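# Structural description and commentary
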Amino acid sequence: MQTWLVLIAYASRLGSTREIAQAIGEVLAQRGARVEVLPVEEVQHIEDYQAIIVGSSIRDQAWLPEARRFIQIHLDRLQALPLVYFMVCGQMSNPTPEHFHEVYEYSREMRELVEPIETGIFSGSLDYSRLSHEERVSVLSKGLPEGDFRRWQDIRAWAEDVYDRLQLQFARSRAEENIRP
Ligand SMILES: Cc1cc2nc3c(=O)[nH]c(=O)nc-3n(C[C@H](O)[C@H](O)[C@H](O)COP(=O)(O)O)c2cc1C
């Protein structure tokens, strides 16, 4: 069977989103996909990929500007591909349904630009000692706790599901190609 090439493009300031992107990449590669994991700023072309996963950490209730830019620049191609989003945030350190809905809303602008087949929402990590004074004031005003809240088992299980969804989508499009006159 043909293997497909997936790009995982991420925007991260302090590394926790990057490590989640890498963990997702490892799962997809173990399942048999070919995977490239790159910061959004380093992606030049996306024509070679059969699927794209875009992840951003959340700052001040929004995706990082470089991730939003990436989607705007590559909009045409992204609309033609299976696309998956994920977000990494502080709110989900306390994973209530209210927090889930609140964080899901942060992706509204991206989802209106191009609808993904899946949106993952993960809790990230915060180390106050690595923040500037302004950043610390900002996270404290939001009540975001310090610590590493990444649930690796959930992240890997989500990546397994994404693999299955993509595999199904590719199998369907191959079948449609075969029945086309
Ligand atoms: C200045 C600042 C603002 C943040 N704003 C939010 C926010 O509005 N909502 C939220 O859920 N998390 C917020 N966070 C938490 C980050 O999303 C979380 O720490 C994430 O893991 C950071 O990802 P990174 O290590 O890839 O940069 C904020 C963090 C910082 C430092």
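The notes below deal with the structure included here. (Residues numbered from 1 in each chain as written. Predicted model: local features only at pLDDT ≥ 70, side-chain atom pairs only at ≥ 80, totals over all residues.)

## Concerning the site of the ligand
With respect to spatial proximity, 25 residues lie near the ligand, and among them T17, S57, C89, G90 and G124 are the closest. Sorting the residues of the shell around the ligand by element identifies α1 (16-31), β3 (51-59), β5 (83-89), β7 (125-126) and α6 (133-141) as the ones contributing at least two each. Among the residues forming the shell around the ligand, the class breakdown is nine nonpolar, 11 polar and five charged. (Near = placed C-beta within 6 Å. Helix = DSSP H or I, 4+ residues; strand = E, 2+ residues; numbered from the N terminus. Nonpolar A, V, L, I, M, F, W, Y, C, P; charged D, E, K, R; others polar.)

## A word on unusual backbone geometry
For D60, which is not glycine, the phi torsion reads 50° and is therefore positive. Here D60 shows up in the loop between β3 and β4 (62-63).

## A few points about the environment of P82
Along the chain, P82 turns up in the loop between α3 (75-79) and β5. Assessed through the 22 C-beta atoms surrounding it within 10 Å, P82 is described here as buried. Along the sequence, P82 and P116 sit 34 residues apart, while their C-alpha atoms lie 7.1 Å from each other. Not counting the four nearest positions on each side in its chain, P82 is found in contact with A51, I117, L166 and Q169. (Buried ≥ 20, exposed ≤ 12 C-beta atoms within 10 Å, placed from the backbone. Contact = placed C-beta atoms within 7 Å.)

## Digging into helix α2 (residues 65-73)
When we look at burial in α2, the residues that qualify are A67, F70 and I71. Viewed end-on, α2 has its buried residues packed into an arc of 95°, placing them on one side of the element. The secondary structure elements touched by the buried residues of α2 are β1 (5-11), β3, β4, α3 and α5 (108-113). (Arc of directions from axis to C-beta.)

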